Amino acid sequence: MNVLAFESSCDETGVALVSYAGHARPQLLAHALHSQIKMHEAYGGVVPELASRDHVRRVLPLTRQVLADAQLSLDAVDVVAFTQGPGLAGALLVGAGVACALAAALGKPTLGVHHLEGHLLSPFLSADPPEFPFVALLVSGGHTQLMRVDGVGRYELLGETIDDAAGEAFDKSAKLLGLGYPGGPALSQLAQQGNPQAFDLPRPLLHQPNLDFSFAGLKTAVLTTLKRLGPDVTDAQRADVAASTQAAIVEVLVKKSLKALKATGLKRLVIAGGVGANAGLRAQLNEAAQRHRFRVHYPELHLCTDNGAMIALAAAMRLQAGLAHAGTDYRFDVRPRWALDAA
């Protein structure tokens, strides 16, 4: 079975083709991705209308590229999948509309996929795939969640952010530091030049017994620190603020993940989402895994951002598990807000 999938939830247009047979692990045949970073950086963030229009321009050329790379024709596609939510409504409608129109023209079934489920399952495309059950730390965009995962579609929410997510904390702190868009990677790069212990920034909810997160107070602390340093802040001080900010975020993510492993009794941790590419987070998790004797799994670096491969994979794994029925009713809707444990 060949699954062609479209991802257009925000500012990346992704198309991918995954193949599976029986219960064997699905294989990625080809994928292509276009990032809108250059278009949005002039505005300091994603402009939804521009994002939607750019998806329209990119989706068909990317589809042709994927089919060419896989050396397959449209006739070889068995199921057409798309990101149904969550995300920007207008952007989601582009992928959903193209997927359902193409499926109708081919007489093939369609399947809507949860964007976060795609991230959650993306490490199954890595060279070191996990096994169920595991604890998952989802750190993608406006989402920071800890989940217990017992199988495809079997998700229990353990904790989540009550205000800003980790990715938002990176981006907002980067903006305060005058860094470019996207802020997270820019802050992480600057942090490499700084002292992570230079400023004592808060670790919200770190010592609370629950598994929830809160990063809004950290952003405020960064603002207060920069105001205290004044207008003549040096490059070295900015690097120290960046390093201290990253250290605070990473410490919370690592210690909350360890707490979730202890609470569930599981020995396997999966990291998924864009923040999962952060080198500091990976280094501390790898060290903790050796110290506490658990396994940690990541997506391949090029699959940490939004992409079509994770959507094709999630569709294939749901079909394999018998949890989804790809239908030929080509009416569609999108779900800009959609809880993963309700998927």
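What you see is a predicted model, and the numbers here were worked out from it, not measured in a lab. All residue numbers refer to position in the chain's written sequence, counted from 1. A pLDDT threshold of at least 70 governs which residues receive local features in this predicted model, and a stricter bar of 80 or more applies before side-chain atom pairs are shown or counted, although totals over entire chains, interfaces and linings include all residues. For the side-chain quantities, the full set of heavy atoms in the structure was used; hydrogens and water were omitted.

Colleague: Give me the lowdown on the UniProt feature "binding site: Fe cation" (unreviewed entry) in the protein, citing residues and values where you can.
Modeller: UniProt positions are given in the numbering used here, feature names are shortened, and annotations may be inferred rather than shown by experiment. The UniProt record marks His-115, His-119 and Asp-306 with the feature "binding site: Fe cation" (unreviewed entry), using the residue numbering of this structure. Taken together, the annotated residues stretch across 192 residues yet fold into one region, lying no more than 8.5 Å apart by C-alpha. Relative to the helices and strands, His-115 is located in helix H4 (residues 115-121). In this structure His-115 comes out as buried when scored by relative accessible area, which is 5%. Contacts: residue pairs with any heavy atoms within 4.5 Å of one another. Beyond its immediate sequence surroundings of up to four residues, His-115 is in contact with Glu-7, Ser-9, Thr-83, Gly-85, Pro-86, Ser-140, Asp-306, Met-310 and Ile-311. Side chain to side chain, His-115 and Glu-7 meet in a polar contact 3.3 Å long. Secondary structure elements follow DSSP: runs of H or I of four or more residues count as helices, runs of E of two or more count as strands, with numbering from the N terminus. Here His-119 shows up in helix H4. Exposure classes here rest on a 1.4 Å probe applied to the protein chains alone. A residue is buried below 20% of its type maximum, exposed above 50%, and partly exposed in between. A 3.5 Å cut-off defines polar contacts: any pair of N or O atoms within that distance qualifies, except that in protein one atom must be a possible hydrogen donor and the other a possible acceptor, and neighbouring residues in sequence count only when both atoms are side-chain atoms.

Colleague: I'd like a rundown of the pairing of strand E8 (residues 154-160), residues and numbers included.
Modeller: Where strand E7 (residues 143-151) lies against E8, six bridges are found, and the strand directions are antiparallel. Bridge pairing links Met-147 to Leu-157 in E8. Taking the residues that link successive antiparallel strands as the turn, the E7-E8 hairpin has two residues, and the phi of Gly-153 there is positive, at about 80°. Whether two strands pair depends on DSSP finding at least two bridges between them.

Colleague: Pulling in residues and values, what's your account of the sheet that holds strand E3 (residues 27-35)?
Modeller: What the five strands build is an open sheet, ordered E3-E2-E1-E4-E5; its pairing is mixed. Taken across any chain shown, the strands that pair with only one partner, and hence form the sheet edges, are E3 and strand E5 (110-114). Taken pair by pair, the neighbouring strands of this sheet meet at an average axis angle of 20°, ignoring direction. Direction of pairing for strand E4 (residues 79-85) relative to E5: parallel, over a ladder of five bridges. Note on E5: the bridge partner recorded for Val-80 is Thr-110. Only C-alpha atoms enter the line fits that serve as axes; for helices the fit covers just the stretch in contact. Angles between N-to-C directions range over 0 to 180 degrees. The strands touched by helix H2 (residues 48-70) are strand E1 (2-7), strand E2 (12-19) and E3; relative to E2, the strand with the most contacts, the crossing angle is about 25°.

Colleague: Go over helix H5 (residues 166-176), please, and point to the residues and values.
Modeller: For H5, the full list of buried residues reads Ala-166, Gly-167, Ala-169, Phe-170, Ser-173 and Ala-174. Down the axis, H5 shows its buried residues gathered within 165° of arc, on one side only. On its buried face, H5 is in contact with strand E6 (134-140), E7, helix H6 (183-191), helix H7 (216-229) and helix H8 (235-264). In this description, the arc belongs to the directions extending from the helix axis to the C-beta atoms.

Colleague: Please provide a residue-by-residue account of the pattern of salt bridges, values included.
Modeller: A pair can form between side chains of opposite charge whenever their charged atoms are brought close. Here, a salt bridge means any side-chain nitrogen of Lys or Arg that lies within 4 Å of a carboxyl oxygen of Asp or Glu. For the structure shown, the criterion picks out 13 salt bridges. Between Glu-49 and Arg-53 there is a salt bridge, with the nearest N and O atoms lying 2.8 Å from each other. Residue Glu-49 and its partner Arg-53 are both found in helix H2; the two are separated by four residues, about one turn of the helix. Take Glu-49: its relative accessible area is 46%, and that puts it in the partly exposed class. Here Arg-238 and Asp-235 are joined by a salt bridge, their closest N and O atoms 3.9 Å apart.

Colleague: Go over the side chain of Thr-110, please, and point to the residues and values.
Modeller: Position of Thr-110 relative to the elements: it lies in strand E5. A relative accessible area of 8% means that Thr-110 is categorised as buried. Setting aside anything within four residues of it in sequence, one finds Thr-110 in contact with Val-80, Phe-82, Ala-99, Cys-100, Ala-103, Ala-326, Gly-327 and Tyr-330.

Colleague: Describe the pairing of E2, naming the residues involved and giving the relevant values.
Modeller: For E2, a buried count of seven out of eight residues is recorded, marking the element as mostly surrounded by other parts of the structure. What sits between the antiparallel neighbours E1 and E2 is a turn of four residues.

Colleague: Summarise the layout of surface pockets; cite the residues concerned and give the values.
Modeller: Cavities and pockets are found on a 1 Å grid laid over the protein atoms alone: a cavity is a set of points where a 1.4 Å probe fits but cannot escape, a pocket is an open set with protein on both sides within 12 Å along at least five of seven lines, and a lining residue has an atom within 4 Å of such a point. Grid points are joined across faces, edges and corners, and a volume is the space filled by probe spheres set on the points. Of the volumes computed, that of the second largest pocket is approximately 240 Å³. Broken down by secondary-structure element, the contributors of at least two residues to the lining of the second largest pocket are E4 and E5. Per-element accounting of the lining of the second largest pocket gives the leading share, five residues, to E5. The class makeup of the residues in the lining of the second largest pocket is eight nonpolar, four polar and five charged. Each residue gets one label: Ala, Val, Leu, Ile, Met, Phe, Trp, Tyr, Cys and Pro are nonpolar, Asp, Glu, Lys and Arg are charged, and the others, such as Gly, are polar.

Colleague: Kindly report on the domain arrangement of the protein, identifying the contributing residues and their values.
Modeller: All the domain ranges listed were derived from an automatic or database domain assignment. Split into domains, the protein comes out as domain 1 (2-121 + 304-342) and domain 2 (132-298). The centre of domain 1, based on its C-alpha atoms, is set 28 Å off from the matching centre of domain 2. On the domain 2 side, the residues contacting the 22 residues of domain 1 number 22 residues. Joining two parts hides part of their accessible area as seen by a 1.4 Å probe, and the buried area is that hidden amount summed over both. Considering only the surface of domain 1 that becomes buried against domain 2, Leu-116, Leu-120 and Cys-304 emerge as the three largest contributors, covering 34% of it. At the boundary of domain 1 and domain 2, one finds zero salt bridges. Our count for the domain 1 to domain 2 interface comes out at four residue pairs in polar contact (both at pLDDT 80 or more). Of all the secondary structure elements, the ones that give two or more residues to the side of domain 1 that touches domain 2 are helix H1 (37-40), H4 and helix H10 (308-320). For the side of domain 1 that touches domain 2, the element with the most residues is H4, which contributes six residues. In terms of residue class, the side of domain 1 that touches domain 2 is made up of eleven nonpolar, five polar and six charged.

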